[in-house]
Amino acid sequence: MYKYDEIDQTLVDERVAQYRDQTRRYLAGELSEDEFRPLRLQNGLYIQRQAPMLRIAVPYGMLSSKQLHKLGDIASKYDKGYGHFSTRQNLQLNWPKLEDVPEILAELATVEMHAIQTSGNCIRNITTDQFAGVAPDEMVDPRAMAEIMRQWSTFHPEFALLPRKFKIAVSGTRDDRAVVQMHDIGMEFYKDSANKLAIKVWVGGGLGRTPILGTVIEEHLEWQHALTYCEAIIRVYNLHGRRDNSYKARIKILVKALGIEEFKRQVEAEWSHLKDAPNTIPEGELERVSKYFEAMPYETLPTHDAGFDAAIASNPAFAAWVKRSVHAHKIAGYRAVTLSLKPHGTAPGDASSEQMHVVADLADQYSFGELRVSHEQNLILADIKLSDLFAVWEKARANGLATPNIGLLTDIICCPGGDFCSLANAKSIPIATAIQMQFDNLDYLHDIGDIELNISGCMNACGHHHVGHIGILGVDKDGSEWYQVSIGGSQGNDASLGSVIGPSFSAEEMPSVVQKLIDVYIQERTPEERFIDTVRRLGVAPFKAHVYADKSTAKAGVAA
Amino acid sequence: MSNLITLNNGVASISENEWTVVKLPASQVEERKQAGKVVLFRLTGEKTVSAEQIANTEIPSTGKVIVPLSVFIARKAELQDRMTSNEIGVWVDTHEILEDLVASVSDLNSLPIIAVHVERFADGRIFSLGTLLRSRYGFKNELRAIGDVLRDQLYFFKRSGFTSYLIRADRSATEALASLNDFTNPYQGAVDEPRPVFKRYNRIA
Ligand code: HEM
Ligand code: SF4
């Protein structure tokens, strides 16, 4: 993975000094609350219900074992001994002290990490596919370009204070796992007919209060123009995006208001001045950065491993885990592994300091010392030998990291919600854990099969509820907490937004509502169908009919 | 003590402020918000300037003055002589259209100074405006940031082509000076240094 040189290191060190001084000025009363806010936000520091919350950048989800050890140490030294991996591949600390943040940043800088632009109205951490570089369906490994874009976006002076936050995702696979259509800018890298690296550019996607999937603004952009083309898009947005109403300030609203044709015209007018400007990427720079992402020193291995096959045959628990948590790899004899941060009954995405150290050790021992964070809030070891899988499983299992529920109903994406977030309408973590307990039967979970359940505590949609096969949204009704349910959302190439099934429910009703949705699916499915397929075939009606059949439930509900 | 920081050949210092910023008088009529036209989203409360306000703007009869764009456009004839003696500059608000400024003079560089007024710290349009004035419209003279100008914007102002900064009256310009040098080696090309890091250094993997 990418390693800092002196230039990168100096910049991050200078950032620590800058932020240390900003914090000092705030604590000394030289900066007002209002003036400090944008400064701390640019640095990932929110002030939340319990305490400040610090979001640490994990650029495009890549971590070294050394970095993860450091995160584990920081979580126990400055927090309550755990951290929360987020849907944007970052790590959040829920209980740091404001005064400690400069020190935390200084510690992070020693392992080439920071919290730059992890929140605030600026270009955020760039995200990508958690299987980048190892996925068999990959056309282009997007990580070198993601790193080049990370550098370009860091303290970009023109875009330091945008109307609203700005998220960029990149991908290079046929099967989009980076949800590029859900981002302010999505870049899909591919090889064109001349075998040259090119980009399909999407713009104006985003969830939140007004969920909109992105639109293609450019089918074929030559890779070297990635930065200047983004500059053209973001300049149009910076100048014309709304600043009067933060709910209407995302680029998606501007693109919708102007229409993609007019928006594109304005972007191209800007780009005609920026094209071939010095920020155009030279071949040599892509080559230089790509060196950091070259293939690992893989061994030549047979496609099969007798020990592995025997373990599968004799150990059903191991076999169940392999079925869900082990993924294809482009090198024979290797696999990628997802370590589940969704054991039943705990907050999705949370990892304790001890677990972080265990995962870091596993990475060192079995996976070239690297790992990734997925936007589904799990951790990935990308390069495990078939013959090592059993050992990895045993160690992961002993540490609560091997719940074989990846891609299943209890692999829930969930925002921090009312327990931690001051914007919440309702709690979300207790709903997730209640559903996990309701479905705490692995055979049954495997029988239900692939399904995505996403929960957000308010319409800001941090938990991506719009694109969950089942989406749950916390709503406020006369000061009490209710939940609105939608079905039929999905991410990936065939992304779609879910439809609300009807009036909302109380927290206690939620496990049984999900149960009823599943019951309809089990009854109606054809042998090939996943939950989402059945919903698409039958529509919302039969699900709705069953969920609301019992009128006593419906009476308790409220129109949301 | 002056609250003006100027940058001369990369060296920043506190300087005497020779320029007076001319403000528009408060409007008498109830202003309507400029919603509707999608191409020109405006901050809530960003007011249209009325003909009456323009007429009532008091321009000091001597000395160096920076006048609002709307006044400059409407009353250029009466400023003509003073323009020749380099006494007239123009300021624009972040929601105003640079093309209007460019169209109002035959040569932008006949203006000794352009100022951009930023009402709120968080309004980052000012950085795009500075960038465009320098790189698109070739403005070479003094470019000044005025309004809610605080030390933590300075580094970005410098990189976006601003060469002077009128620090908000309740803050110390002397203390703010340090922030111009928060970072030694930026990654991306911008106005002050167009070459990105990969064109300045031979970075070896
Ligand atoms: C507890 C503190 C948090 C606060 C105050 C917060 C606030 C917000 C707000 C206001 C939005 C809507 C922005 C908009 O649409 O303009 C948003 C969206 C989002 N947040 Fe959070 N968030 C928090 C935590 C998280 C966490 C923990 C995650 C990851 C698990 C996350 C991931 C996201 C994502 C993915 C979106 C949707 C992006 C989009 O609309 O495209 N947030 N957040
Ligand atoms: S979705 Fe709402 S409740 Fe959940 S973290 Fe985001 S802002 Fe908070």
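Conventions used here
Residues numbered from 1 in each chain as written. Chains lettered and ligands numbered in written order. Predicted model: local features only at pLDDT ≥ 70, side-chain atom pairs only at ≥ 80, totals over all residues. Heavy atoms only, no water. Helix = DSSP H or I, 4+ residues; strand = E, 2+ residues; numbered from the N terminus. Rg over C-alpha atoms; globule rule 2.2 N^0.38 Å. Buried < 20%, exposed > 50% of the residue type's maximum accessible area, 1.4 Å probe, protein only. Contact = heavy atoms within 4.5 Å. Areas by Shrake-Rupley, 256 points an atom, 1.4 Å probe, with all protein chains shown as cover. Lys, Arg positive; Asp, Glu negative; His and termini not counted. Charge placed at Lys NZ, Arg CZ, Asp CG, Glu CD. Buried area = accessible area lost by both parts, 1.4 Å probe. Salt bridge = Lys/Arg side-chain N within 4 Å of Asp/Glu carboxyl O. Polar contact = N/O pair within 3.5 Å; in protein donor to acceptor, adjacent residues only side chain to side chain. Nonpolar A, V, L, I, M, F, W, Y, C, P; charged D, E, K, R; others polar. Domains from an automatic or database assignment. Axes fitted to C-alpha atoms, helices over the stretch in contact; angles between N-to-C directions. Parallel < 35°, antiparallel > 145°, perpendicular 65-115°, else oblique. Near = heavy atom within 4 Å. Donors = N, O, S within 2.8 Å, 3.2 Å for Na, K, Ca; no water. 1 Å grid on protein atoms, 1.4 Å probe; cavity = no way out; pocket = protein on both sides within 12 Å on 5 of 7 lines; lining within 4 Å. Points joined across faces, edges and corners; volume = space filled by probe spheres on them.

Topic: the overall build of chain A
Here's step 1: Looking only at helices and strands, chain A has 19 helices and 20 strands in total.
Here's step 2: Radius of gyration (C-alpha) of chain A: 23 Å, near the 24 Å computed for a compact globule of 560 residues.
Here's step 3: Projected onto the principal axes, the alpha-carbon positions of chain A cover approximately 60 × 60 × 55 Å.
Here's step 4: Counting the 560 residues in chain A, one finds 64% classified as buried.
Here's step 5: Look at the contacts in chain A between residues 6 or more apart in sequence, and 68% of them connect residues 24 or more apart.
Here's step 6: Element-wise, carbon and sulfur atoms account for 51% of the exposed surface of chain A, whose accessible area totals about 19,500 Å².
Here's step 7: Each charge sign in chain A was given a centre, from 58 positive and 73 negative side chains, and these centres are 4 Å apart.

A look at the interface of chain B and chain A
Here's step 1: Counting residues at the interface gives 46 residues for chain B, matched by 54 residues for chain A.
Here's step 2: Carbon and sulfur atoms supply 59% of the area that chain B and chain A bury against each other, a total of about 4,400 Å² over both sides.
Here's step 3: Here chain B is connected to chain A by eight salt bridges.
Here's step 4: Notably, a salt bridge pairs Glu35 of chain A with Arg168 of chain B, separated by 2.7 Å at the nearest N-O pair.
Here's step 5: At the surface where chain B touches chain A, the tally comes to 25 residue pairs in polar contact (both at pLDDT 80 or more).
Here's step 6: Those elements giving two or more residues to the side of chain B that touches chain A turn out to be α5 (125-136), α6 (151-159) and α8 (197-200) of chain B.
Here's step 7: The leading source of residues in the side of chain B that touches chain A is α5 of chain B, at seven residues.
Here's step 8: Of the residues belonging to the side of chain B that touches chain A, the class tally is 22 nonpolar, nine polar and 15 charged.

Focus on the domain arrangement of chain A
All names here are of chain A.
Here's step 1: According to the domain assignment, chain A consists of domain 1 (6-109), domain 2 (134-291), domain 3 (306-398) and domain 4 (413-559).
Here's step 2: On a C-alpha basis, the centroid separation for the pair domain 3 and domain 4 is 28 Å.
Here's step 3: Between domain 3 and domain 4, the contact holds 13 residues from the first and 14 residues from the second.
Here's step 4: Roughly 1,100 Å² of surface becomes buried between domain 3 and domain 4 when both sides are summed, with 55% attributable to carbon and sulfur atoms.
Here's step 5: Looking only at domain 3, the three residues that lose the most surface to domain 4 are Arg324, His344 and Pro348, adding up to 45% of its buried area.
Here's step 6: Between the two partners, domain 3 and domain 4, sit one salt bridge.
Here's step 7: We note a salt bridge from Asp450 to Arg324, for which the minimum N-O separation is 2.5 Å.
Here's step 8: Our count for the domain 3 to domain 4 interface comes out at four residue pairs in polar contact (both at pLDDT 80 or more).
Here's step 9: Grouping the constituent residues of the side of domain 3 that touches domain 4 by class yields four nonpolar, five polar and four charged.

Remarks on the packing of helix α10 (residues 306-314) of chain A against helix α11 (residues 316-325) of chain A
Residue and element names in this part refer to chain A.
Here's step 1: Following both chains from N to C, one finds α10 and α11 inclined at 110°, their axes separated by 5 Å at the closest point. Comparing the axis directions of α10 and α11 gives the class roughly perpendicular. Contacts between α10 and α11 involve Phe308, Ala311, Ile312 and Ser314 from the former and Pro316, Phe318, Ala319 and Val322 from the latter.
Here's step 2: In terms of residue class, the contact of α10 with α11 is made up of seven nonpolar, one polar and no charged.

Concerning the site of ligand 1
Residue and element names in this part refer to chain A.
Here's step 1: What surrounds ligand 1 is a group of 24 residues, the closest being Thr87, Lys165, Leu207, Cys462 and His464.
Here's step 2: In this structure, an oxygen atom belonging to ligand 1 sits 3.3 Å away from a side-chain N or O atom of Arg164.
Here's step 3: One of the side-chain N or O atoms of Arg250 is found 3.1 Å from an oxygen atom in ligand 1.
Here's step 4: Across the shell around ligand 1, the residue classes break down as nine nonpolar, nine polar and six charged.

Focus: the coordination of the iron atom of ligand 1
Here's step 1: There is one protein donor for the iron atom of ligand 1, namely Cys462 of chain A (SG), at 2.1 Å.
Here's step 2: Residue placement: Cys462 of chain A occurs in the loop between β17 (453-456) and β18 (470-477).

Quick look at the site of ligand 2
Here's step 1: All residues adjacent to ligand 2 are Cys415, Pro416, Gly417, Cys421, Leu423, Ala424, Ser456, Gly457, Cys458, Asn460, Ala461 and Cys462 of chain A.
Here's step 2: Broken down by class, the residue content of the shell around ligand 2 amounts to eight nonpolar, four polar and no charged.

Thoughts on the layout of surface pockets
Residues and elements named next belong to chain A.
Here's step 1: Here the second largest pocket defines a volume of roughly 890 Å³.
Here's step 2: Lining the second largest pocket are 37 residues, with Asp175, Arg177, Glu376, Glu452 and Gln491 sitting closest to its centre.
Here's step 3: Broken down by secondary-structure element, the contributors of at least two residues to the lining of the second largest pocket are β17 and α17 (531-538).
Here's step 4: Residues belonging to the lining of the second largest pocket are distributed by class as follows: 11 nonpolar, 13 polar and 13 charged.

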